[in-house]
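# Structural overview
Residues per chain are reported as follows:
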Amino acid sequence: PAGPGSTLEKAHYLRAKAYLQLGHHRHAAADVRKSIQCNPRNKEANTLRQQIEHRKVQLKRTNKKLANEMCSWINSATATSDDSPKKTNGSVSKQQLDRANGYNDGTNAD
């Protein structure tokens, strides 16, 4: 029987702590839930559950910030300059493409 103070309760709690240390939040949450099912009054397990939820929120914020920074970096790295072809309604003129590739047909006085 898995009740308060049982070996199973402790095992789930300890494994949840280990999973949290490894950054495996989903597994940690599952194990701490099982520990709390064995003993809903276990203060350590309930505190660990709160810590897991807090880390998940922090991780989500960090990932969102990183994604925004990457998008910004990609946008600035791929921004068009005066020498690169410009799209107009999804098309690029031959002259723009030639100029971007370094060809000069003599019409430009560079």
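Residues numbered from 1 in each chain as written. Predicted model: local features only at pLDDT ≥ 70, side-chain atom pairs only at ≥ 80, totals over all residues. Heavy atoms only, no water.

### Some thoughts on the environment of D31
Mapped onto the elements, D31 comes out in helix α2 (residues 25–38). Setting aside its immediate chain neighbours within four residues, D31 contacts H12, R15, A16 and Y19. Polar side-chain contacts of D31 include one of 2.5 Å to the side chain of R15. (Helix = DSSP H or I, 4+ residues; strand = E, 2+ residues; numbered from the N terminus. Contact = heavy atoms within 4.5 Å. Polar contact = N/O pair within 3.5 Å; in protein donor to acceptor, adjacent residues only side chain to side chain.)

### Quick word on α2
With 14 residues, α2 should reach 20 Å at 1.5 Å per residue; the first-to-last C-alpha distance of 20 Å fits that figure. Within α2 the residues assigned to the buried category are H25, A28, A29, D31, V32, S35, I36 and C38. As for α2, its buried residues are in contact with α1 (7–22) and α3 (43–77). (Expected span 1.5 Å × (residues − 1). Buried < 20%, exposed > 50% of the residue type's maximum accessible area, 1.4 Å probe, protein only.)

### Things to note about the pattern of salt bridges
For side chains bearing opposite charge, pairing can occur when the charged atoms are close. One pass over the structure, following the stated rule, counts two salt bridges. As a salt-bridge pair, R15 and D31 come within 2.5 Å of each other at their nearest N and O atoms. In this pair, R15 sits in helix α1 while D31 sits in helix α2, placing the two residues 16 residues apart along the sequence. We classify R15 as partly exposed; its relative accessible area is 41%. The shortest N-O distance in the salt bridge between K56 and E53 comes to 3.6 Å. One end of the pair is K56 and the other is E53, both in helix α3 and three residues apart, which spans about a single turn. The exposure class of K56 is partly exposed, given its relative accessible area of 34%. (Salt bridge = Lys/Arg side-chain N within 4 Å of Asp/Glu carboxyl O.)

### A few points about a nonpolar patch on the surface
Where nonpolar side chains cluster on the molecular surface, the patch consists of L66, M70, W73 and I74 and spans about 440 Å² of accessible area. Within the element layout of this structure, W73 appears in helix α3. Taking relative accessible area as the criterion, W73 reaches 60% and is therefore assigned exposed. (Patch = residues over 30% accessible without salt bridge, like charges linked within 9 Å, V, L, I, M, F, W, Y side chains within 5 Å. Areas by Shrake-Rupley, 256 points an atom, 1.4 Å probe, with all protein chains shown as cover.)

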